[in-house]
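Understanding the architecture of this molecule
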Amino acid sequence: MAATQDQIARALLALEAARIREEEALLMTGDELVDAIGAEATYDLVVTLETQNKTIAHSPGSPGRRAPDRALRARNIEIVRLRLVEKMNYTAIGRAVGVSKTRVVQLLHDHFGLDSTRVRRTSIVIPAQALAVACTAVRHQFAAAAEDVAACLRSDDDTSDELRNFDIARGLLHDLKGEDAVEIHLARKRGPVLARALRKQLAIERGLADTSDPCQRERHAGDAATLDRLLSAIVP
């Protein structure tokens, strides 16, 4: 599986933004990399390393494990893509690649050190350092919902769905504006709405990281990595 130039560039940019050298990344597990650079950048790194006959660690500080067969390595990397990029659960991944749910869990853990320590939370936790970018994402969603309501009012269409989306976005934005909070805890039911807002903002930040001037590139890449980590925590 050959990495594209875009994948290589995204992986290197994410490592640079997190101040991680490539030789250090080789000794980091998937879980550690997802926490440091985000889920999608971790996948890009896995693909990039595969083209160099390398891989990430399966346990902290240990050399990585690569399947001896090329077809098996391609299958394993596809499992990583489905988990980290598509956010699929183990059962769906197993169906997609033709293995059992148990085998999916084993391959992610034994070859990539992924999902080793993940514990499902009863609430969504937004760390203090991620609140600003999360609020930006939800503000954009709130503004879009307001525009949808205004468009319906101008056309005399039914506004029930648009008003409901408006109220949800307004409530979510209110929840994120805790005063002097170290972190914000949201109810799990907020997850789908928050995830949609974060995905849209992630696309924006990635675009800015690709096109902005050098002094802004690192900031947008860092915001993209933060959004990616939040998405990984929200989607089980």
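Because the structure is predicted, anything quoted here is derived from the model rather than measured.

We now examine the overall build of the protein. From N to C terminus, the protein includes eleven helices and two strands. Element order for the protein, N to C, with α for helix and β for strand: α-α-α-α-α-α-α-β-α-α-β-α-α. For 236 residues, the compact-globule formula gives about 18 Å, and the C-alpha radius of gyration of the protein, at 19 Å, lands near that figure. Taken over the C-alpha atoms alone, the protein extends approximately 65 × 45 × 35 Å along its principal axes. A buried classification covers 42% of the 236 residues belonging to the protein. Once local pairs closer than 6 in sequence are excluded, the contacts in the protein between residues at least 24 apart make up 69%. Roughly 12,600 Å² of accessible area belongs to the protein as shown, and the carbon and sulfur atoms make up 52% of that amount.

Relative to the assigned elements, A187 resides in strand 2 (residues 183-187). Separated by twelve residues in the primary sequence, A187 and D175 have C-alpha atoms spaced 9.8 Å apart.

The next point concerns the side chain of T226. Considering the arrangement of structural elements, one finds T226 in helix 11 (residues 214-234). Given the relative accessible area of 13%, T226 is considered buried. In this view, T226 contacts A130 and V133; residues no more than four positions away in its chain are not counted.

Attention shifts here to the packing of helix 8 (residues 131-155) against helix 9 (residues 160-176). At their nearest, the axes of helix 8 and helix 9 sit 9 Å apart, and the two run at 160 degrees to each other. Between helix 8 and helix 9, the interaxial angle falls into the category roughly antiparallel. Read as a crossing pair, helix 8 and helix 9 show a hand that is left-handed. Together, L131, A134, C135, V138, R139, Q141, F142, A145, A146, D148, V149 and C152 of helix 8 and E162, L163, N165, F166, A169, R170, L172, L173 and L176 of helix 9 make up the contact between the two elements.

Moving on: the packing of helix 6 (residues 90-97) against helix 7 (residues 101-112). One can describe the packing of helix 6 onto helix 7 by two numbers: an axis separation of 8 Å at closest approach and a directional angle of 95 degrees. Between helix 6 and helix 7, the angle is such that the two are roughly perpendicular. Residue-level inspection shows Y90, T91, I93 and G94 of helix 6 in contact with helix 7, the latter providing K101, V104, V105 and L108. Residues that form the contact of helix 6 with helix 7 fall into these classes: five nonpolar, two polar and one charged.

Under the defined criterion, the tally for this structure stands at 16 salt bridges. Between R81 and E78 there is a salt bridge, with its nearest N and O atoms 2.8 Å apart. A residue pair is termed a helical-turn pair when its members lie 3 or 4 positions apart in one helix, as R81 and E78 do in helix 5 (residues 70-84) at three residues. Between D228 and R206 there is a salt bridge, with its nearest N and O atoms 3.8 Å apart. Here D228, found in helix 11, pairs with R206, found in helix 10 (residues 191-211); they are 22 residues apart in sequence, far enough to count as distant.

Checked against the element boundaries, R83 lands in helix 5. Residue R83 is classed as buried on the basis of its relative accessible area of 8%. Engagement of the side chain of R83 in a polar contact is seen with the backbone oxygen of M88, the distance being 3.0 Å.

Before going further, it helps to examine helix 4 (residues 39-50). An ideal rise of 1.5 Å per residue puts 16 Å on twelve residues; helix 4 measures up with 17 Å between its terminal C-alpha atoms. Those residues of helix 4 that sit buried are A39, E40, A41, T42, Y43, D44, L45, V46, V47, T48, L49 and E50.

Relative to the elements of secondary structure, N165 occurs in helix 9. For the pair formed by N165 and A144, sequence separation is 21 residues and the distance between their alpha carbons is 9.7 Å.

What follows covers helix 3 (residues 30-37). G30, D31, L33, V34 and I37 are the residues of helix 3 that are buried. For helix 3, the arc enclosing every buried residue in end-on projection is 165 degrees, short of the 170-degree limit, so these residues lie on one face. Taken together, the buried residues of helix 3 touch helix 1 (5-17), helix 2 (22-25), helix 4, helix 5, helix 7 and helix 11. Note on helix 3: the residue one or two positions beyond its end, G38, has a positive phi of about 100 degrees.

Once that is clear, we can look at the environment of E16. Inspection of the secondary structure puts E16 in helix 1. Given a relative accessible area of 54%, E16 falls into the exposed group. The spatial distance from the C-alpha of E16 to the C-alpha of I37 is 9.4 Å, given a sequence separation of 21 residues.

Calculation criteria
- Residues numbered from 1 in each chain as written.
- Predicted model: local features only at pLDDT ≥ 70, side-chain atom pairs only at ≥ 80, totals over all residues.
- Heavy atoms only, no water.
- Helix = DSSP H or I, 4+ residues; strand = E, 2+ residues; numbered from the N terminus.
- Rg over C-alpha atoms; globule rule 2.2 N^0.38 Å.
- Buried < 20%, exposed > 50% of the residue type's maximum accessible area, 1.4 Å probe, protein only.
- Contact = heavy atoms within 4.5 Å.
- Areas by Shrake-Rupley, 256 points an atom, 1.4 Å probe, with all protein chains shown as cover.
- Axes fitted to C-alpha atoms, helices over the stretch in contact; angles between N-to-C directions.
- Parallel < 35°, antiparallel > 145°, perpendicular 65-115°, else oblique.
- Left-handed = near helix turned anticlockwise from the far one by under 90°.
- Nonpolar A, V, L, I, M, F, W, Y, C, P; charged D, E, K, R; others polar.
- Salt bridge = Lys/Arg side-chain N within 4 Å of Asp/Glu carboxyl O.
- Polar contact = N/O pair within 3.5 Å; in protein donor to acceptor, adjacent residues only side chain to side chain.
- Expected span 1.5 Å × (residues − 1).
- Arc of directions from axis to C-beta.

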